Amino acid sequence: MEPLRDAQTGAFRKSFRGEVLLPGDRDYDRVRRIWNGMFDRRPAIIARCAGTADVINAVHFARDNGLLVAVRGGGHNSAGNAVCDGGIMIDLSLMRRVNVDPENRTARVDGGALLGDMDRETQLYGLAVSGGGIVSHTGVGGLTLGGGFGWISRKHGLAVDNLLAAEVVTADGRLLTASAGENPDLFWGIRGGGGNFGVVTSFRFRCVEVGPHVYSGLIVKRFEDAKRYMQFHRDYVRGLPDAMTAWIVVRHAPPLPFLPPEVHGQRVVVVPFVWLGDEAEGARLIRPIREATPSLGEAVGMNPWVAWQAGFDGLVEHGARNYWKSHHLTALSDACIDRILEFAETMPTKEIEVFIPHMEGAPGRVPETATAYAHRKTPFVLNIHTRWRDAADDARCLAWARAFHQATEPFARGVYVNFLSDEGEDRVRAAYIPEVWDRLVEVKKEYDPENLFRMNQNIRPS
Ligand code: FAD
């Protein structure tokens, strides 16, 4: 791609309230970096938007100059779509305002806000947005557009189920409201269809009451009992009230202070949980976890919601190399557990997480075609979060993740679009059911017929 000429960028700069960065500018290298250290891409221009008018200008500039467009929300997605080589990066990271309306229990959240921004502001009023993930430096933008689940979504629904409206800049530079009453097709599409239909400059969410403290914690189990624990867990979680969420993470133990030092760096099964209720009932509900197999340690209690939401941040800081392979599991059968544990035995690095959230509850009570997020009936997700530091380990780590994914394919149906790597159109389709895919293509044709927004899990308008 030709470098942009001064004459082109000069006029653009004049019309722009935020910052325009070109290769060589002081902040260029810092801003083009995203969470996944695998991606070292160099946009021809970065438009750091200060507001909606900047986003509109950037979209026009991209179209007029035939530029590839990457939109950066939180920059967290493991597939690396927030940044492009050549082209324009429309960076929303200066747009992070959150305004809460406590009376109506809603929050208006800018398209570049992070989950931590949203949690802090909503908690001032004892509120939270359900479906808002588990790592505070994740972007609200990408998370919501793909679906959005978290510790309280079994009780209160996915982020898309709590989305009331959004402001969207479409490929032709129009600013549209998407809601049940205005542009309902667009509203349907952005609730699971990712960034395919435009740049969302703000979201308006319904909030729920949470905290300020929640009964929550980690119980760490021995890896040698992993099969027995997982057999117990698959039935136990399916009998829990929706207000209680317990997941499984198989990994090497971080140096957590409540674990004996000899356990640090050893394989373990971590059981994180959140209970939205009183402490005594929470203690009763987790007793079976404690009794199922011996524990190596635990940290359980009433934790501030905002702190809990940021509690895992340190394990997944920016900059490491990451490769995700995922699918939804129809059950945690014995054979599936055996495959998972076979691969857990051979994890190539100590930062890898085999992450198995339990999804049933409120999301499954919404019809599968009501929003573009479609796989609402499968009980578990398997996310193979492969994470390492050294490029020399790339081939080994990728091969392990792919083989693991393939070995668990017989137990899987569908995938969460936000957990896809760059895996091709068939895998993007796998994130949807056929009726939903067909409708997504129609909505794409209407709002982005030339596929301006294609640096994403792309739905081609044909
Ligand atoms: P980006 O990389 O900035 O964007 C991802 C995609 O969305 C890109 O295609 C981008 O163009 C588009 N996009 C982003 N913002 C906008 C916008 N405002 N308008 C238009 N398009 C936009 N997901 C969950 O549901 N629950 C979890 O608990 C969870 N935990 C995670 C933990 C970690 C450590 C990581 C890395 C991810 C996690 N995710 C989780 C997945 C997360 O939802 C996705 O990675 C999501 O895409 C991140 O959004 P982002 O805005 O930070 O990403």
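Above this text sits the structure in question.
Here is a short report on the structure shown in this document. The shown structure was predicted, so the numbers you read here are calculated from the model rather than taken from an experiment.

### Thoughts on the environment of Leu315
By the element assignment, Leu315 lies in the loop between helix H10 (305-309) and strand E17 (321-329). You can call Leu315 partly exposed: its relative accessible area is 29%. Residues Leu315 and Ile352, spaced 37 residues apart in sequence, show a C-alpha to C-alpha distance of 10.0 Å. Every residue in contact with Leu315, bar those within four places of it in the chain, is listed here: Arg251, Pro254, Glu351, Glu353 and Arg387.

### Focus on the packing of aromatic side chains
As enumerated under the stated definition, the model contains 21 aromatic pairs in all. Between the aromatic rings of Trp247 and Phe355, the centroid separation amounts to 5.5 Å while the plane-to-plane angle is 85 degrees, which identifies the pairing as edge-to-face. Linking Trp247 in the loop between strand E13 (244-246) and strand E14 (248-252) with Phe355 in strand E18 (residues 353-356), this pair joins segments that are 108 residues apart in sequence. The same class applies to Trp247 as to Phe355, namely buried. Ring geometry for Trp324 and Phe419: centres 5.0 Å apart, planes at 80 degrees, overall edge-to-face. Here Phe419 lies in the loop between helix H12 (394-408) and helix H13 (425-430) and Trp324 lies in strand E17, a separation of 95 residues in the sequence. Phe419 sits in the buried class, given a relative accessible area of 9%. Members of the aromatic cluster, each reached through a chain of ring pairs, are Trp35, Phe149, Trp151, Trp247, Trp308, Phe312, Trp324, Phe355, Tyr373, Tyr416 and Phe419. The aromatic ring of Phe223 is capped on one face by Arg267, whose charged end is 5.8 Å from the ring centroid. Its end group placed over the ring of Trp188, Arg439 keeps NZ or CZ at 4.1 Å from the ring centre.

### Digging into the environment of Pro379
Looking at the secondary structure, you find Pro379 in the loop between E18 and strand E19 (380-388). Among the residues examined, Pro379 registers a relative accessible area of 3% and is labelled buried. Contacts of Pro379, omitting those with residues within four sequence positions, involve Arg238, Leu329, Thr330, Ala331, Pro357, His358, Met359 and Glu360.

Here is what the cut-offs are and how they apply
- All residue numbers refer to positions counted from 1 along the written sequence of the respective chain.
- Note on the predicted model: pLDDT of at least 70 is required for a residue's local features to be given, and 80 or more for side-chain atom pairs to be given and counted; whole-chain, interface and lining totals, by contrast, use all residues.
- Excluding hydrogens and water, the side-chain values take into account all heavy atoms of the structure.
- Only DSSP runs of H or I with at least four residues qualify as helices, and only runs of E with at least two residues qualify as strands; both kinds are numbered from the N terminus onward.
- Think of it in three bands: residues with accessible area under 20% of the maximum for their type are buried, residues over 50% are exposed, and the middle band is partly exposed, with areas taken using a 1.4 Å probe on protein chains only.
- Here, residues are in contact when the closest pair of their heavy atoms is within 4.5 Å.
- Whether two aromatic rings pair depends on their centres lying within 6.5 Å, for rings of Phe, Tyr and Trp, where Trp uses its six-membered ring; planes under 30 degrees apart make the pair stacked, over 60 edge-to-face, and the rest tilted.
- Any Lys NZ or Arg CZ that is within 6 Å of a ring centre and within 35 degrees of that ring's normal is treated as a charge sitting over the ring.

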